[in-house]
Amino acid sequence: MIAGYLLRRVLAAIPVLALVLVLVFALARMIPGDPAAAMLGPGASTTQIAALRQTMRLDEPLTAQFTHYVVQVAHGDLGISLKTGRPLAGALAEKFPATIELAVAATVLALVLAIPAAVLAAVRPDGWIDNALRVIGIAGVSLPAFLTALALQAVFGAWLGWLPVALRQSPWLAQPPITGLAVVDAVLRGRLDMLLDALAHLVLPALVLASFLAASFSRLLRASLIAALHAPHVRAARARGLPARAIVWRHALRFAIVPTLPVIGIQFGDMLGGAILTETVFSWPGLGRFTVEAIHNRDYPAIQAATLVFAAVFIVVSILIDAFALWLDPRLRGGGA
Amino acid sequence: MSVLPNATARAGAVLLALLAAAAVLGPWLVAPSPDAVSVEHLLAPPSPAHWLGTDMLGRDVLARLVAGGRMTLLVGISVVAIAFAIGVFAGLLAGLVGGVADQVIMRVTDAMLAFPALVLAIALAAALGPSLGHAMLAVALGLAPHFARLSRAQAQSVAASLHVTAARAAGVPAHWLLWRYYLRGALPTLLTQASLSLGTAILQVAALGFLGLGAQPPLAEWGADISANLECLRSAPWVAAAPGTAIFLAVLAFNLLADGLTAARTRITARA
C-alpha cells in the first residue's frame, strides 16, 4: 500500500523535477550579455570565450542546448567547474555529507526542543507557559540565521572559549572519510576522541539551524496538539482513567504530529537555505559554503549544479516526509488508492 | 482565547510604528551623515558624539542604522508589492481562466516551491549579478508562488459560489466582479500572507546583502553593513550588533503582526 502510494508520489515529482531542470538551465542563460564572456570575467581572451561558448553550446538553438543539458544530468554529469576544471558531481558528492550531517543534527535538536515545548504549551492553552513560548517562538523565527551564528560564535568561541567555531573536526584528528559523516565515521572507527571532537564542532552550527525550526515547529505542533486532545479517542482514553502523561505522549502526540509533517517539509527547505548562511559563518565545508564560494568565483556551472542538488534534496525529503506521515496515520492511506 | 492575539498584533504595530518613525525622522535627529568618513575616529566605541560608535571607515553607526532602516522598510515593502502583484495576477488568472493556463501556472509554481526559498533567491541574484535591485527581484520571485496559490484557491472557491453565478447572469462587468468578489474576499488572507512575507523579505534581502549579493557598498543596508564589518567583530562588536538587532526587531514586528492577524482571523472563522 505504502509502496504504491510512494510510486505515485515519485511519479508526480517527475514533472516538477523537469521544471526544476528548466529553471536551473535558465539560470545561466539569464546572465545579462554574453554568458560565456560574463563567466570568464574581463580578463578572458576571445578564443577562451569562443571555446566556452562551444562547450556550453551557446550557438545552438535553446531546445538543443536544453536536451543536451538533460541528457548530461541524467548521466550524473553536473558539468565542469570553471574555477578548478574538475567535474562538479564529484566535488558536490564530497561536500554533500557535511550538509546532511548538519541538517539531520539540526532537525533532531529542533525536535528535542520543540516537542516538549509544544506539550507544555498545549496542556494549558493561553497559560503563562504557552504565552511565554509563543513570544519565544515568534522571536525565534525572526532571528536572521547569520546573526545567530555570529552571536553564538562570539559568545561560545571567542569569549568563553568552550567550543570550536570553524570546520567539522580538528585538523590533527583528520582521517580519510568512510561515510563522510564525521560523527558516524568516529563511531565506526571506535574513536571516542574523534566523536567528541565532531560533536563539539557540530553543536553550534546545528543550534543555529535548529532554533528556527524549533520555533516554528513548536507553534504548529501546539495548535495541532490542542485539537488532538479533544479527539474522541483521546476523550475515550481519559474516560478509561489513563494517566494524563500517557494520554498526551502516547495517544494525542502521535496524531498531532501528522498534520504538521508537510510543514516540516517546507521548513526543511528553509533550513537548507539557512545552512548556506550558517556554513559560511562557521566555515563548514558543505554544499552551502560551496555555493557561496562558487558565487564569489562567478563559477556559474557550480552555482547551477549546487542549486539543482539543493532542489533535489528538498524534493526527496518531502517525499520521505509524506511516506512517514502515511506510516504514522493509516487513515491517510485510503485517500487516493 | 485570551486578549493576547490582539496584544501580539498591537505589539507588532507599535514596534513597527517606532521603527518607521525612526527611519523617517532619523535623518533630522541624527547629525552625522551615514557616508561621512572620518579617519580620526575609526572604530570608536559608543560616546556622546557617536551614540553607537563608528565603523571601520569612521562612519557613524547610528546614522547608517537609520539610513539602512529607510532602505530596509522601503525594500521590504517594494519586494512584497512586486510578489503580491505577480502572484495575485497569476493566481487569479489560473483560477478564473482554468484549463491550460491553470496547468502551466500551477506547475511553474510547484517547481519554484521545489527550491528552498533562499536557495532560489541566491541562485537568481547570482545569475542576474550582485545589486540591490536584482536581489529584490530575486526575493520577490521566490515569494510570489505563495500569493499565487492563495489567490487561486480563493478564486476557485468564489467562482463556484451561487452569488457569483447570479452576478454574472445579471451582467455585472468583469472588472467589477474581479474586485468585488474575488479580490476583496481574498484580501484578509492575502494581507496576513503579506505581513508574514515582509518579515521573510527583510530576512532574505539582508541575507543576500550579507553574502555580497544584495546592496553594494557604500550603500547603507543592514545585512551588507554586518558583513562589511566582520573583520572587526571581536574588537568592535557594536558595529555589527546594531544593524543585527535592527534586522531582528523589524522582522519581529512583522511576524508579531502576522501572528496577531492570524489568531484574530481563526477566531472569527471559529465563531461563524
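Residues numbered from 1 in each chain as written. Chains lettered and ligands numbered in written order. Predicted model: local features only at pLDDT ≥ 70, side-chain atom pairs only at ≥ 80, totals over all residues.

Our next topic: the overall build of chain B. When its secondary structure is counted, chain B shows nine helices and zero strands. Reading chain B from its N end, one meets helices and strands in the order α-α-α-α-α-α-α-α-α. With respect to the three principal axes, the spread of C-alpha positions in chain B is 75 × 45 × 30 Å. Across the 272 residues in chain B, those meeting the buried criterion constitute 49%. (Helix = DSSP H or I, 4+ residues; strand = E, 2+ residues; numbered from the N terminus. Buried ≥ 20, exposed ≤ 12 C-beta atoms within 10 Å, placed from the backbone.)

What follows concerns the overall build of chain A. Each helix and strand counted, chain A has 14 helices and zero strands in total. From first element to last, N terminus to C terminus, chain A shows the α and β order α-α-α-α-α-α-α-α-α-α-α-α-α-α. With respect to the three principal axes, the spread of C-alpha positions in chain A is 80 × 55 × 40 Å. Taking all 337 residues of chain A together, 39% fall into the buried category. Sequence separation of at least 24 residues holds for 70% of the intrachain contacts in chain A that already meet a minimum separation of 6. (Contact = placed C-beta atoms within 7 Å.)

It is common to report an interface's size as the accessible area lost on association of the parts. Tallying the contact residues gives 38 residues for chain B and 39 residues for chain A. Of all the secondary structure elements, the ones that give two or more residues to the side of chain B that touches chain A are helix 3 (99-113), helix 4 (117-128), helix 7 (174-210) and helix 9 (238-271) of chain B. Classifying every residue of the side of chain B that touches chain A by side-chain character gives 29 nonpolar, five polar and four charged. (Nonpolar A, V, L, I, M, F, W, Y, C, P; charged D, E, K, R; others polar.)

This brings us to the packing of helix 11 (residues 244-281) of chain A against helix 12 (residues 287-296) of chain A. Residue and element names in this part refer to chain A. Running from N to C, helix 11 and helix 12 cross one another at 80°; their axes reach a closest spacing of 7 Å. Comparing the axis directions of helix 11 and helix 12 gives the class roughly perpendicular. Residues Ala275, Ile276, Glu279 and Thr280 of helix 11 form the contact with helix 12, whose participating residues are Gly288, Arg289, Thr291 and Val292. (Axes fitted to C-alpha atoms, helices over the stretch in contact; angles between N-to-C directions. Parallel < 35°, antiparallel > 145°, perpendicular 65-115°, else oblique.)

A word on the environment of B:Gly26. All names here are of chain B. When you line up the elements, Gly26 lands in helix 1 (residues 4-29). Sequence separation between Gly26 and Arg70 is 44 residues; the distance between their C-alpha atoms is 9.1 Å. Discounting chain neighbours no more than four positions away, the residues touching Gly26 are Val66 and Gly69.

Turning next to the packing of helix 5 (residues 88-123) of chain A against helix 9 (residues 192-228) of chain A. Residues and elements named next belong to chain A. With their axes 6 Å apart at the nearest point, helix 5 and helix 9 run at an angle of 35° to one another. Judged by the twist between their axes, the crossing of helix 5 over helix 9 is right-handed. A breakdown of the residues in the contact of helix 5 with helix 9 according to their chemical character gives 25 nonpolar, two polar and one charged. (Left-handed = near helix turned anticlockwise from the far one by under 90°.)

Further remarks concern helix 3 of chain B. For helix 3 of chain B, which comprises 15 residues, the first-to-last C-alpha distance of 21 Å matches the rise-based estimate of 21 Å (1.5 Å per residue) to within 8%. Every buried residue of helix 3 of chain B is accounted for by B:Ile105, B:Thr109, B:Ala111, B:Met112 and B:Leu113. (Expected span 1.5 Å × (residues − 1).)

The share of residues in chain B with pLDDT of 70 or more is 94%, and the mean pLDDT across the chain is 82. Here the complex is predicted with pTM 0.84, and the ipTM for its interfaces comes to 0.82. (pLDDT = per-residue confidence, 0-100.)

In an α-helix, one full turn covers 3.6 residues, which means residues spaced three or four apart are oriented alike. The end-to-end C-alpha distance of helix 6 (residues 128-142) of chain A, which contains 15 residues, comes to 21 Å, matching closely the 21 Å that a straight helix rising 1.5 Å per residue would cover. Among the residues making up helix 6 of chain A, those that are buried are A:Asp130, A:Leu133, A:Arg134, A:Gly137, A:Ile138, A:Gly140, A:Val141 and A:Ser142.

Residues and elements named next belong to chain B. Its location among the elements puts Gly260 in helix 9. Residue Gly260 is classed as buried on the basis of its C-beta count, with 23 C-beta atoms lying within 10 Å. For the pair Gly260 and Thr109, spaced 151 residues apart in sequence, the C-alpha separation works out to 28 Å.

Turning to unusual backbone geometry, a few remarks are in order. Residues and elements named next belong to chain A. In this structure, Asp126 is a non-glycine residue whose phi angle is positive, near 70°. The residue Asp126 is located in the loop between helix 5 and helix 6 in this model. With phi around 45°, Ser283 is a residue other than glycine that occupies positive phi space. In this structure, Ser283 sits in the loop between helix 11 and helix 12.

Another point: the environment of B:Leu178. Residue and element names in this part refer to chain B. Positionally, Leu178 belongs in helix 7. A count of 14 C-beta atoms within 10 Å places Leu178 in the partly exposed class. For the pair Leu178 and Ser33, spaced 145 residues apart in sequence, the C-alpha separation works out to 47 Å.

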